[in-house]
Every structure is written in structure tokens, then in C-alpha cells.
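# Summary of the model geometry
Spelled out from the first residue to the last, the chains are:
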Amino acid sequence: MKVFWELFYEFFQIGLFAIGGGPATIPFLMDLPSRHDWYEVIDVTHMLAVSESTPGPIGVNMATYAGFRAAGFWGGIAATLSLVLPSLIVIILIAKLLNNFSRNPYVKSAFSLIRPAVTGLIATAVWGIFRVALFTDATGAFRFPVVLFLACLLIFGAMNLKQLKKLHPACWILFGAVLGIVFQL
């Protein structure tokens, strides 16, 4: 029973403080393995890759995954519900107070300061994923993803952006998956 309360507590906090949607949850999700053994930091990058190619936000997918690993089916349900509960509560409160809420100068001031904080959280997430995705290896050796990343930067830099926009994002995801499988063999 203790694990359910821990899941609820941790994911409720993430849901409460990760203002800005899925990407804002990533720094919190990357910090969680330092306190619990529900998953490892590298799992966040794996889940991010899966989440970007499947429906659902990263936070919800990761909460479900961590909850399931920690306490099975019901742990997945508990973690997922606790992550979305703060947003649900806030949305219900805002809906009740919408007219006064949107015109309130304190609310406007709060949101003007929240936006840079959310930007910082997202930048932290990008940096953390960049570092883990390119440089985390059990052997500590120079990894192929670094070479692939640099090659993509050169290719994309040399190409016209209009050409890149014509290619569907699913093609890039498929391309990355195929390369990952080929170089894993």
C-alpha cells in the first residue's frame, strides 16, 4: 500500500508543478529515479521516443510506465490518475471563476512570470535528453548517435527548409528507428 501513496505523491507533485504540458514534466521525470527505483533515467529517453511516435503525452505515458513497474496494473492507474488530477482540479476551478480569473491583474502577473519558468523547464528537459540520448553508454565509449546527430545537423543545414517541411515527421521517426535497428545488429 505504501508504494501507491508514493506513486500518488510523486506524480501528483509532477502534475501540479509541471506547468506547460508534457515537455515540462521531463525534468521532474528525470529526477524521479534518484529517489525511487521505478525506472532509470535512460528509460525517460526511451519513453520520449515512444511517446513522440504514439498518442499521449510523455508525462502520462511515463507515469503509467513507472506505476506499472512499481505496483502492476493498479500502480499504473494510480500514477496516471495522480498526474492528471491537479490539472483536472485547476481546470474545474478556472471554469467556475473564468470571468474574474482572466481579468485579474495578479493572475496576469503570475502568468507573465510562469512563462519564463516553463521555458527554463523545457530547456532543462531538452538539455537532459540531449545529454542522455547522445552520451550515455554503459561502456562510456564514443557512440554512433553523436555521429548521426552531427551528420543530421550538416544535412539539415545544407538543405532548404522547404524541402524538409515537405517530408512527413513520421518519415523521420521511421528513418531513426531503422538506423537504430541497423546499427544495433
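Residues numbered from 1 in each chain as written. Predicted model: local features only at pLDDT ≥ 70, side-chain atom pairs only at ≥ 80, totals over all residues. Heavy atoms only, no water.

## A look at the overall build of the protein
When its secondary structure is counted, the protein shows 8 helices and 0 strands. Mapped in sequence order, the helices and strands of the protein form the string α-α-α-α-α-α-α-α. When the 185 residues of the protein are sorted by exposure, 28% land in the buried category. Taking all contacts inside the protein whose residues are at least 6 apart in sequence as the whole, residues at least 24 apart take part in 55%. As displayed, the protein offers around 12300 Å² of accessible surface, 72% of which is attributable to carbon and sulfur atoms. (Helix = DSSP H or I, 4+ residues; strand = E, 2+ residues; numbered from the N terminus. Buried < 20%, exposed > 50% of the residue type's maximum accessible area, 1.4 Å probe, protein only. Contact = heavy atoms within 4.5 Å. Areas by Shrake-Rupley, 256 points an atom, 1.4 Å probe, with all protein chains shown as cover.)

## Quick look at the pattern of salt bridges
As enumerated under the stated definition, the model contains 4 salt bridges in all. The partner of Arg35 in a salt bridge is Asp31, with the nearest N and O atoms 2.3 Å apart. Assessed through its relative accessible area of 42%, Arg35 is described here as partly exposed. With a relative accessible area of 38%, Asp31 lands in the partly exposed category. (Salt bridge = Lys/Arg side-chain N within 4 Å of Asp/Glu carboxyl O.)

## Thoughts on the packing of aromatic side chains
A complete count under the given rule lists 4 aromatic pairs for this structure. For the pair Phe8 and Phe12, a centre-to-centre distance of 5.4 Å together with 20° between the ring planes defines the contact as stacked. With Phe8 and Phe12 both in helix α1 (residues 2–17) and 4 residues apart, this pair spans about one turn of that helix. With relative accessibility at 22%, the residue Phe12 sits in the partly exposed group. Ring centres of Phe11 and Trp38 lie 6.1 Å apart, and the angle between their planes is 20°; this geometry places the pair in the stacked category. (Phe/Tyr/Trp six-rings, centres within 6.5 Å; stacked < 30°, edge-to-face > 60°.)

## A short note on the side chain of Asp43
Residue placement: Asp43 occurs in helix α3 (residues 41–53). With a relative accessible area of 14%, Asp43 lands in the buried category. Not counting residues up to four positions away in its chain, the partners in contact with Asp43 are Met62, Tyr65 and Arg69.

## Details of the nonpolar core
Generally speaking, soluble globular proteins have nonpolar side chains that are buried together. Grouped together as the largest cluster of nonpolar side chains are 23 residues, with contacts concentrated most on Phe11, Ile14, Ile26, Leu29, Trp38, Tyr39 and Val44. Taken together, the elements giving at least two residues each to this core come down to α1, α2 (22–31), α3, α4 (58–103) and α5 (105–135). Ignoring any residue separated from it by four or fewer positions in sequence, one finds Leu29 in contact with Phe11, Ile14, Tyr39, Val44, Ile58, Gly59 and Met62. (Core = buried A, V, L, I, M, F, W, Y, C linked by side-chain atoms within 4.5 Å.)

## A look at the confidence of the model for the protein
In the predicted model, the protein carries a mean pLDDT of 78, and 83% of its residues have values of at least 70. α1 holds the highest mean pLDDT among the elements of the protein, 88, whereas helix α7 (residues 161–166) holds the lowest, 66. (pLDDT = per-residue confidence, 0-100.)

## Details of a nonpolar patch on the surface
On the surface, a cluster of nonpolar side chains totalling about 650 Å² of accessible area is made up of Phe68, Phe73, Trp74, Ile77, Leu81 and Val84. Counting through the fold element by element, Leu81 comes out in helix α4. A relative accessible area of 51% means that Leu81 is categorised as exposed. (Patch = residues over 30% accessible without salt bridge, like charges linked within 9 Å, V, L, I, M, F, W, Y side chains within 5 Å.)

## As for the packing of α1 against α2
The contact between α1 and α2 brings their axes to 9 Å, and the two run at 150°. As α1 packs across α2, the resulting crossing turns out to be right-handed. In this structure, α1 contributes Phe11, Ile14 and Phe17 to the contact, and α2 contributes Thr25, Phe28 and Leu29. Its residues assigned to classes, the contact of α1 with α2 comprises 5 nonpolar, 1 polar and no charged. (Axes fitted to C-alpha atoms, helices over the stretch in contact; angles between N-to-C directions. Left-handed = near helix turned anticlockwise from the far one by under 90°. Nonpolar A, V, L, I, M, F, W, Y, C, P; charged D, E, K, R; others polar.)

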